[in-house]
Amino acid sequence: MPSRKSSIKAEQLGLSWDVPGLLVAGVDEAGRGPLAGPVVAAAVILDELRPIKGLADSKVLSARRREELYEEIRARALCCSVGEASVEEIDTLNILQATMLAMRRAVEGLRLLPGKVLVDGNRLPVLRVHAEAIIGGDAKVQAISAASIIAKVTRDRGCQALHERFPLYGFDEHKGYGTRDHLEALRTHGACEAHRRSFAPVRQLLSPAGEVLLPTDVADAAHRMLSR
């Protein structure tokens, strides 16, 4: 007899239901690749009676257009939910499992229970409802497109908040990704508490005891920003 865990996995894969009136939630994430900050997932159930024009994969939209669509999705969708996994959870679980955790939290945070969940990618979080993974779903399924926009805007706003706490790193520009400027800031100032210790460019800057190196200039800048 198969284990409960394997049964859940088999049940979730390969489902394709087209039932009129079935509530379908789209799920996507933002922030798997950056060196800092949480990974953010969103779940969205769209209202068929209030369509939203211009939904697309968040990566192909300008920042301004994402912000516009974010507000429209929030106003027109039946419900939206955001889930996160913290830097500590990323470092403890690994980024894949932390992403699955954020997705599960997003789905469980919906005020309406979906009959089906469509997730961008080829992996599924363990859920209590039927789910299907769709590769490239953020460009194919409007509910997933909407979720990608909500997740991306939410995370970008979080990076702006990180910039205000740690202004020496430029989180408002690179959003935590390993750009040349970000890597240079890491080499110059060390790592701050928002950085993911398990990611190689950050891990190389840790002390042998695993402590984050937070130089005096970074600590002082953070204190000044928090004291305002």
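See the structure above.
Residues numbered from 1 in each chain as written. Predicted model: local features only at pLDDT ≥ 70, side-chain atom pairs only at ≥ 80, totals over all residues. Heavy atoms only, no water.

**Q** Describe the overall build of the protein, with residues and values.
**A** Secondary structure assignment for the protein yields 10 helices and five strands. Taking the contacts inside the protein whose residues are at least 6 apart along the sequence as the reference set, 64% of them involve residues at least 24 apart. Of the accessible surface of the protein, which amounts to about 12100 Å², a share of 53% is contributed by carbon and sulfur atoms. (Helix = DSSP H or I, 4+ residues; strand = E, 2+ residues; numbered from the N terminus. Contact = heavy atoms within 4.5 Å. Areas by Shrake-Rupley, 256 points an atom, 1.4 Å probe, with all protein chains shown as cover.)

**Q** Before we move on, could you go through unusual backbone geometry and cite the residues and values that matter?
**A** Phi is positive for N94, close to 95°, though the residue is something other than glycine. Structurally, N94 is set in the loop between α3 (87–93) and α4 (95–108). N94 gets classed as partly exposed once you look at its relative accessible area, which sits at 39%. (Buried < 20%, exposed > 50% of the residue type's maximum accessible area, 1.4 Å probe, protein only.)

**Q** An account of the packing of aromatic side chains is requested, with residue identities and associated values reported.
**A** Counting across every chain of the model gives one aromatic pair. Taking the ring centre of Y70 as reference, the NZ or CZ of R157 above it sits at 4.4 Å. (Phe/Tyr/Trp six-rings, centres within 6.5 Å; stacked < 30°, edge-to-face > 60°. Lys NZ or Arg CZ within 6 Å of the ring centre and 35° of its normal.)

**Q** How would you summarise the packing of helix α2 (residues 63–76) against helix α6 (residues 142–165) if you had to cite specific residues and measurements?
**A** Their axes nearest at 9 Å, the elements α2 and α6 cross at an angle of 115°. In the packing of α2 onto α6, the handedness of the crossing is left-handed. Contacts between α2 and α6 pair R66, E67, L69, Y70, E71, I73 and R74 from the former with A146, I149, I150, K152, V153, T154, D156 and R157 from the latter. Tallied by class, residues from the contact of α2 with α6 come to seven nonpolar, one polar and seven charged. (Axes fitted to C-alpha atoms, helices over the stretch in contact; angles between N-to-C directions. Left-handed = near helix turned anticlockwise from the far one by under 90°. Nonpolar A, V, L, I, M, F, W, Y, C, P; charged D, E, K, R; others polar.)

**Q** So what about the side chain of D138? Which residues, and what values?
**A** Here D138 is to be found in helix α5 (residues 137–140). Ignoring anything within four residues of it in the chain, the contact list for D138 reads D28, A56, D57, K59, D120, I144, S145 and S148.

**Q** Now, about α2: what can you tell me, with residues and values included?
**A** It helps to recall that an α-helix has 3.6 residues per turn; residues three or four apart then point in one direction. In this model, α2 (14 residues) spans 20 Å end to end at C-alpha, consistent with the 20 Å of a helix rising 1.5 Å per residue. Tucked into the core, α2 has its buried residues touching β2 (39–45), β3 (79–85) and α6. (Expected span 1.5 Å × (residues − 1).)

Everything listed here is a matter of geometry and, on its own, says nothing about what the molecule does.
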